[in-house]
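Coordinate analysis (summary)
Given next are the chains, with one letter for each unit.
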Amino acid sequence: MYLATTGRRDAPPRPAGARRRVPGTVLVLGTVSLVTDVSSEMVTAVLPLYLVLGLGLSPLQFGLLDGLTTGATALVRLLGGVGADRGGRHKQVAGLGYALSACSRLGLLLAGGATGWIAGALAVDRLGKGVRTAPRDALITLHSPPEDLGRAFGTHRAMDTTGALLGPLAAFALLWATAETYETVFAVSFCVGAFGVLVWLLLVPGRPRDPGRPGDPGEPRHSGGQQAPARPRDDRDTRPKAPAAPRARGGLLAVPRSPAYRRIVLCAALLGAATVGDSFLYLLLQRRLDLDAAWFPFLPLGAAAVYLLLAVPAGRLADRIGRRRPLLYGHGALLLAYGLLLAPVPGAAALVGVLVLLGVFYAATDGVLMALTGPFLTGGRQAGGLAVVQTAQALARLGAAVAFGAVWTASGPETALVAALLALAAALACAARLLPAGPTREGSST
């Protein structure tokens, strides 16, 4: 099995013990994600409470809405990934996604209390997220050495989560200052999102002028034939340059056929099908603790804080020991969270434990899954290959949200949670046998 490298192939080897730095492009991408998440979370922090307790949606209806807004854009994820790979248009396609998400805030200004309009605005936001996610993650892969992908993705996800922490705080500060005028929150959210788009356009590097030039970073090596020698790099040139992205051919069906890659896609779907949406877990906590509605929107902040603290260490650990084990351990943390919600423990212990375990779950799985996948993708297929994994996971989570809401509505929350716990245990057992280990800093694994 081959492992396609995705970092700088013509750079000299890094001396042993040298300090590893996160590439500047990754930091810029993290900044855009931070700003965009502030905009997004300003709006979404109160939606579960508003829809279920305010508008009176049933758990099944909420499950449909929550699942559809995250999973129904699966085709868009695929098209966005394939479109970005064709000619290396990662910046343009991802920028379109960020712009769509920013414009969705204007739709919320017109929605009022109409559930259909709210769902439409959320769908546009998720549409933008679906378009941008794979090209953005492909840029992280292209601009980072393969052995440091866990660190790069961990840094990006930590910056992204900082926005998730700041967004709800900003939203409730605005609500407090404006006597609960939601239109003000939507307007400010749009302005913040538009600023993120501006940062993307100005600071994210585009394609080099001559992507076919031999020796450019990111150009794939061929197994046969002569290869032009790499030209020496001028270390004084500090301007950001995007790696050359080979033109993808053959459409979506030409994504890598590596058995290891196929196993990753299968495991992402299996684990996603047993993953209960965060909003359901927060609603379960609210019911168990009889938590005052005013405190409900702050529940995601606890999990986000843990995620922020652990994202970079988890990524570095994954680079060191292989990315398979952290991914499994993260889902094991989610399994413990399900069990804690069912266990007869004090309410405060359940609250702290579930939020900590949920943060551990995201820190050990979100960026780590992309870092595990990246080295198995051939040159020119990064965005499309990542999009397939993300789509499999999103569709599975859509089904999980609908199924969980249906079982809750028919048989109660405890029955639904027991079913989810058993499903996740079975999915973990399968993933433990199927997942490839991926490369480590010490060498490559199968």
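Numbering of residues begins from 1 in every chain and follows the order in which that chain's sequence is written. Given that this is a predicted model, residues contribute local features only at a pLDDT of at least 70 and side-chain atom pairs are listed and counted only at 80 or more, while totals for whole chains, interfaces and linings are drawn from all residues. Side-chain figures throughout are based on the complete set of non-hydrogen atoms in the structure, without hydrogens or water.

As a further point, take the overall build of the protein. Secondary structure is summarised from DSSP: a helix means a run of H or I of at least four residues, a strand means a run of E of at least two, and numbering begins at the N terminus for each. Along its length, the protein carries 15 helices and zero strands. Each of the 446 residues in the protein was classed as buried or not, and the buried ones make up 52%. Considering only intrachain contacts with a sequence separation of at least 6, the fraction spanning at least 24 residues in the protein is 86%. Every accessible area reported is derived by Shrake-Rupley at a probe size of 1.4 Å, with residue values counting cover from the shown protein chains alone. Element-wise, carbon and sulfur atoms account for 63% of the exposed surface of the protein, whose accessible area totals about 19,400 Å². Relative accessibility thresholds used throughout: buried, under 20% of the residue-type maximum; exposed, over 50%; partly exposed, between the two (1.4 Å probe, protein chains only). Two residues form a contact once any of their heavy atoms are found within 4.5 Å.

What follows concerns the packing of aromatic side chains. Aromatic contacts are taken between Phe, Tyr and Trp rings whose centres are within 6.5 Å, Trp giving its six-membered ring; a plane angle under 30 degrees counts as stacked, one over 60 as edge-to-face, and the others as tilted. If you walk through the whole model with that rule in mind, you get six aromatic pairs. Ring pairing ties together the aromatic residues F280, F404 and W408, which thus form one cluster.

Further remarks concern the packing of helix α13 (residues 347–373) against helix α14 (residues 382–411). Two elements in contact, α13 and α14, have axes separated by 9 Å at closest approach and are oriented at 140°. With respect to α14, the element α13 is oriented oblique. Here α13 runs over α14; the crossing is right-handed. Together, F361, L369, M370 and T373 of α13 and L386, V389, Q390, Q393 and R397 of α14 make up the contact between the two elements. The class makeup of the residues in the contact of α13 with α14 is five nonpolar, three polar and one charged. The angle between two axes is taken between their N-to-C directions and runs from 0 to 180 degrees, where each axis is a line fitted to C-alpha atoms and a helix contributes only its stretch in contact. Each angle receives one of four descriptions, namely roughly parallel if under 35 degrees, roughly antiparallel if over 145, roughly perpendicular if within 65 to 115, and oblique otherwise. By convention the crossing between two helices is left-handed if the near helix lies anticlockwise of the far one by an angle smaller than a right angle, and right-handed if it lies clockwise. Residues are grouped as follows: nonpolar covers Ala, Val, Leu, Ile, Met, Phe, Trp, Tyr, Cys and Pro; charged covers Asp, Glu, Lys and Arg; every other residue, Gly included, is treated as polar.

Once that is clear, we can look at the state of the cysteines. Whenever a pair of cysteine sulfur atoms sits within 2.5 Å, that pair is classed as a disulfide. Enumeration according to the criterion identifies zero disulfides in this entry. Take C267: it sits in no disulfide, and the sulfur closest to it among the cysteines is that of C430, at 8.0 Å. In this structure C267 comes out as buried when scored by relative accessible area, which is 1%.

The next subject is the nonpolar core. Grouped together as the largest cluster of nonpolar side chains are 86 residues, with contacts concentrated most on W200, L281, Y338, L358, V389, F404 and L435. Sort the elements by how many residues they give to this core and α13 lands first, with twelve residues. When neighbours within four sequence positions are excluded, W200 is seen to be in contact with L29, V32, H90, K91, A94, G95, Y98 and L139. The set of buried Ala, Val, Leu, Ile, Met, Phe, Trp, Tyr and Cys residues whose side-chain atoms join them within 4.5 Å is what this entry labels a nonpolar core.

Attention now goes to the environment of L27. By secondary structure assignment, the location of L27 is in helix α1 (residues 24–44). Once the C-alpha coordinates of L27 and A152 are considered, the two residues, 125 residues apart in sequence, prove to be 8.8 Å apart. Once residues within four sequence positions are removed from consideration, L27 is found in contact with V22, T155 and M159.

On to the pattern of salt bridges, then. When a carboxyl oxygen of Asp or Glu lies within 4 Å of a side-chain nitrogen of Lys or Arg, that pair is called a salt bridge. Following the criterion strictly, the structure yields six salt bridges and no others. Note that R157 and D366 form a salt bridge whose closest N and O atoms lie 3.3 Å from each other. With R157 in helix α7 (residues 149–177) and D366 in helix α13, this pair connects stretches of sequence that are 209 residues apart. Relative accessible area serves as the criterion here: at 31%, D366 is assigned to the partly exposed category.

Attention now goes to the environment of L29. Among the secondary structure elements, L29 is positioned in helix α1. Owing to a relative accessible area of 0%, L29 belongs among the buried residues under this scheme. The spatial distance from the C-alpha of L29 to the C-alpha of V199 is 9.2 Å, given a sequence separation of 170 residues. Excluding its chain neighbours within four sequence positions, the residues that come into contact with L29 are R136, L139, I140, H156, W200 and V204.

Once that is clear, we can look at the confidence of the model for the protein. When the pLDDT values of the protein are averaged, the result is 78; 75% of them are 70 or greater. This stretch, residues 1–18, has a pLDDT under 50; its non-local contacts, to residues over four places away or in other chains, come to 40 contacts. Each residue gets a pLDDT score, which is the predictor's confidence in that residue and runs from 0 to 100.

Checked against the element boundaries, T365 lands in helix α13. One polar contact links the side chain of T365 to the main-chain carbonyl oxygen of F361, over a distance of 2.6 Å. Apart from the residues within four sequence positions on either side, T365 is in contact with L327, G330 and H331. Think of a polar contact as two N or O atoms within 3.5 Å of one another; within protein, one of them needs to be a possible hydrogen donor and the other a possible acceptor, and neighboring residues in sequence only count if both atoms come from side chains.

Okay, the packing of helix α10 (residues 278–289) against α13 next. Where α10 meets α13, the closest approach of the two axes is 10 Å, and the angle between their N-to-C directions is 170°. Classified by the angle between their axes, α10 and α13 sit roughly antiparallel to one another. Residue-level inspection shows D278, L281, Y282, L285, R288 and L289 of α10 in contact with α13, the latter providing G347, A348, A350, L351, V354, L355, L358 and Y362. For the contact of α10 with α13, the per-class residue count stands at eleven nonpolar, one polar and two charged.

Under the convention used throughout, the expected extent of a helix is 1.5 Å for every residue step, that is, one less than its residue count. A rise of 1.5 Å per residue sets the reference length of helix α9 (residues 259–272), with its 14 residues, at 20 Å; its end C-alpha atoms lie 20 Å apart and thus fit the reference within 8%. Those residues of α9 that fall on the buried side of the exposure criterion are A260, Y261, I264, V265, C267, A268, L271 and G272. What you see down the axis of α9 is that its buried residues fit within an arc of 165°, all on one side. Within α9, the exposed residues directed more than 90 degrees away from the buried face are P259 and R262. Tucked inside the fold, the buried residues of α9 contact α12 (324–342), α13, α14 and α15 (413–434). This arc is taken over the directions from the axis of the helix to the C-beta atoms.

What follows is about α15. Taking 1.5 Å per residue, 22 residues should reach 32 Å; α15 reaches 31 Å between its end C-alpha atoms and fits that length. Of all the positions in α15, only P413, A416, L417, A420, L424, A427, L428 and A431 are classed as buried. For α15, the angular spread of buried residues about the axis comes to 110°, placing them on one side. Exposed side chains of α15 directed beyond 90 degrees from the buried face belong to E414, L422 and R433. Lining the buried residues of α15 we find α9, α10, α12 and α14.

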